[in-house]
Amino acid sequence: MPSSGRSTIGAVMDVSDLRKRILRALDEARQETAARSDASQRRVEQDEAKQAYEQFLQRIAVPLLRQAQDILKAEGDLFTVHTPADGAKLVSDASPETFVEFMLDRRGPRAQVSGRRSVSKHGHGGVVEERPLAPGKTVAALTEDDFAAYLVTEIPRLVGRR
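Remember, it's a predicted structure, so these values are computed and weren't measured experimentally.

The next point concerns the pattern of salt bridges. Taken as a whole and assessed by the stated rule, the structure comprises 10 salt bridges. In this structure, Glu 129 engages Arg 117 in a salt bridge whose closest nitrogen and oxygen atoms are separated by 2.9 Å. Taken as a pair, Glu 129 in strand β5 (residues 126-132) and Arg 117 in strand β4 (residues 112-120) lie far apart in primary sequence, 12 residues in all. We note a salt bridge from Arg 157 to Glu 154, for which the minimum N-O separation is 3.3 Å. In this pair, Arg 157 and Glu 154 both sit in helix α2 (residues 144-159), three residues apart, roughly one turn of the helix.

What follows is the structure in structure tokens.
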């Protein structure tokens with residue numbers, strides 16, 4: 001019984017009130033379903049990006065980094081390619097704080113490959129800059145040309161020549 005002491009037996013709720021409650025409940029259920037669907041879709045996209053990234057590392061990044069290593073060695077600049085889990089890195093033999101590395105960046109609305117360059121300044125740590133490899137491109141759409149363009153821009157900064 002309500003606190004007013006009156007009985008509500010036989011009382012009929014106003015149709016508009018009931019309608020509002022039902023519509024609100026339906027809307028909340030739709031929003032929950034949409035949120036679950038969005039989260040599910042994002043997981044699928046992230047999984048696809050991870051698979052594409054693994055292929056990118058194997059087919060593009062590591063082979064081109066090894067070529068860059070050989071080119072730099074021929075020019076007297078010693079660098080070594082490292083392939084840690086989920087990444088690839090070209091590191092100066094003279095200063096381990098001087099490198100360019102690549103990773104799958106999942107922070108934005110869609111995963112992308114980012115490159116990070118660190119240049120050691122007289123043994124006092126590195127100046128780090130990070131940017132997308134090819135802004136706006138999906139991981140699966142990356143090409144050797146995208147990767148080469150990034151390397152051609154960053155390698156002169158690593159070896160101190162612009």
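The next thing to look at is the layout of surface pockets. Taken as a whole, the largest pocket encloses approximately 250 Å³ of empty space. The set of elements that each furnish at least two residues to the lining of the largest pocket consists of α1 (15-74) and α2. Residue composition of the lining of the largest pocket, by class: 10 nonpolar, one polar and three charged. Estimated volume of the second largest pocket: approximately 190 Å³. Taken together, Arg 42, Glu 45, Gln 46, Glu 48, Ala 49, Ala 52, Pro 109, Arg 110, Ala 111, Thr 138, Val 139 and Ala 140 form the lining of the second largest pocket.

Conventions used here
Residues numbered from 1 in each chain as written. Predicted model: local features only at pLDDT ≥ 70, side-chain atom pairs only at ≥ 80, totals over all residues. Heavy atoms only, no water. Salt bridge = Lys/Arg side-chain N within 4 Å of Asp/Glu carboxyl O. Helix = DSSP H or I, 4+ residues; strand = E, 2+ residues; numbered from the N terminus. 1 Å grid on protein atoms, 1.4 Å probe; cavity = no way out; pocket = protein on both sides within 12 Å on 5 of 7 lines; lining within 4 Å. Points joined across faces, edges and corners; volume = space filled by probe spheres on them. Nonpolar A, V, L, I, M, F, W, Y, C, P; charged D, E, K, R; others polar.

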